Amino acid sequence: MSQKSSHWVNSTTTIFIHGYGSSYHAEETMVMRARFNNITSTVVLARVDNDGNVRISGPSIKGKRNPIVEVNLENNRQTDMNEGARYINNVIQALQKRDGIKSYNLVAHSMGNMDAFSYVARYGTQAGAPVLKKQAVLAGGLTGWSRQGGTLPSSITGNLG
C-alpha cells in the first residue's frame with residue numbers, strides 16, 4: 001500500500017447518495033478512483049425500491065478497509081424529504097443488520113444532500129444507530145436552505161467536513 005493511501009485506512013463505511021433523476025452510476029467515477037488509489041477494495045450496491053425496501057448486493061463489508069456503499073434510489077425523482085430520510089434510514093439499518101456497521105460517512109450529490117440532511121435530522125441520533133463520522137456535500141446548493149421553511153440544525157452542520 002502506498003504511503004498516500006495509508007492515511008485513509010479505517011473501517012468506516014462511506015455511503016454515496018446520488019441526486020435527483022440520477023442513479024448510482026453518477027458515483028462510479030469516484031468509486032473507480034478510490035479503487036485505483038487503493039483506498040478501498042470493497043464496494044457494494046444498496047438498491048432502494050419505491051416502497052423503501054433495501055436489497056444489498058456485494059460482499060460483506062464487515063471488517064473491510066474503507067468500504068463504500070453506492071445507494072441507488074429507484075424513486076429518484078421524489079422530493080419529499082421525510083421519504084428520502086426514510087430511504088437512507090432503511091439503507092443504514094440494512095447495513096447495520098447485515099454487516100454490523102458502527103459508523104459511517106455520507107457523500108451526497110445535489111438533491112441527495114436533502115435526503116442525507118433529513119436523515120441526520122430525523123434519525124441520526126437514534127439509540128443504537130451507527131454514528132455519523134463525516135458528511136461531504138457535493139453541489140449542495142444549501143445557501144439559504146429554506147425547503148419547507150427549514151434551517152440546518154447544528155446536529156447537521158457539526159458533521160460537515
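Residues numbered from 1 in each chain as written. Predicted model: local features only at pLDDT ≥ 70, side-chain atom pairs only at ≥ 80, totals over all residues. Heavy atoms only, no water.

Named according to an unreviewed UniProt entry, the chain is Alpha/beta hydrolase originating from Candidatus Limosilactobacillus merdigallinarum.

Is there a simple way to think about the environment of E27 in this case?
Of note, E27 is situated in the loop between β1 (13–17) and α2 (28–36). Distance in space between the C-alpha atoms of E27 and V71 is 9.1 Å, their sequence separation being 44 residues. Beyond its immediate chain neighbours, meaning those up to four positions away, E27 contacts F16, I17, H18, E70 and V71. (Helix = DSSP H or I, 4+ residues; strand = E, 2+ residues; numbered from the N terminus. Contact = heavy atoms within 4.5 Å.)

How should the side chain of N90 be read in this particular structure?
Turning to its location among the elements, N90 is positioned in helix α3 (residues 81–99). At 2.8 Å, the side chain of N90 forms a polar contact with the backbone oxygen of G52. When near neighbours in sequence (up to four residues on either side) are disregarded, N90 contacts G52 and V54. (Polar contact = N/O pair within 3.5 Å; in protein donor to acceptor, adjacent residues only side chain to side chain.)

When you look at the pattern of salt bridges in this model, what are you seeing that I'm missing?
As a working rule, side chains carrying opposite charge can pair if their charged atoms are close by. Taken as a whole and assessed by the stated rule, the structure comprises two salt bridges. Taking the shortest distance from any N to any O, the salt bridge between D99 and R98 comes out at 2.9 Å. For D99, a relative accessible area of 3% puts it in the buried group. When its relative accessible area of 34% is taken as the criterion, R98 is described as partly exposed. (Salt bridge = Lys/Arg side-chain N within 4 Å of Asp/Glu carboxyl O. Buried < 20%, exposed > 50% of the residue type's maximum accessible area, 1.4 Å probe, protein only.)

Just to check I follow, could you spell out the nonpolar core for this structure?
Across soluble globular proteins, you tend to see nonpolar side chains buried next to one another. Residues I15, I17, L95, Y104, L106 and Y119 are the most contacted members of the largest nonpolar core, which totals 25 residues. Looking at which element gives the most residues to this core, the answer is α3, with six residues. Residue contacts for L106: discarding those within four places in its chain leaves I15, I17, A116, V120, L132, K134, Q135 and A136. (Core = buried A, V, L, I, M, F, W, Y, C linked by side-chain atoms within 4.5 Å.)

Is there a simple way to explain the packing of aromatic side chains in this structure?
The relative placement of two aromatic rings is captured by the distance of their centres and the angle of their planes. With the rule as written, the count across this model stands at two aromatic pairs. Aromatic side chains Y119 and Y123 sit 5.9 Å apart centroid to centroid with 20° between the ring planes, which places their arrangement in the stacked category. Note that Y119 and Y123 are positioned in helix α4 (residues 111–123) at a spacing of four residues, about one turn of the helix. Exposure remark for Y119: the relative accessible area of 0% places this residue in the buried category. A relative accessible area of 15% means that Y123 is categorised as buried. The rings of Y104, Y119 and Y123 are connected pair by pair, giving a single aromatic cluster. (Phe/Tyr/Trp six-rings, centres within 6.5 Å; stacked < 30°, edge-to-face > 60°.)

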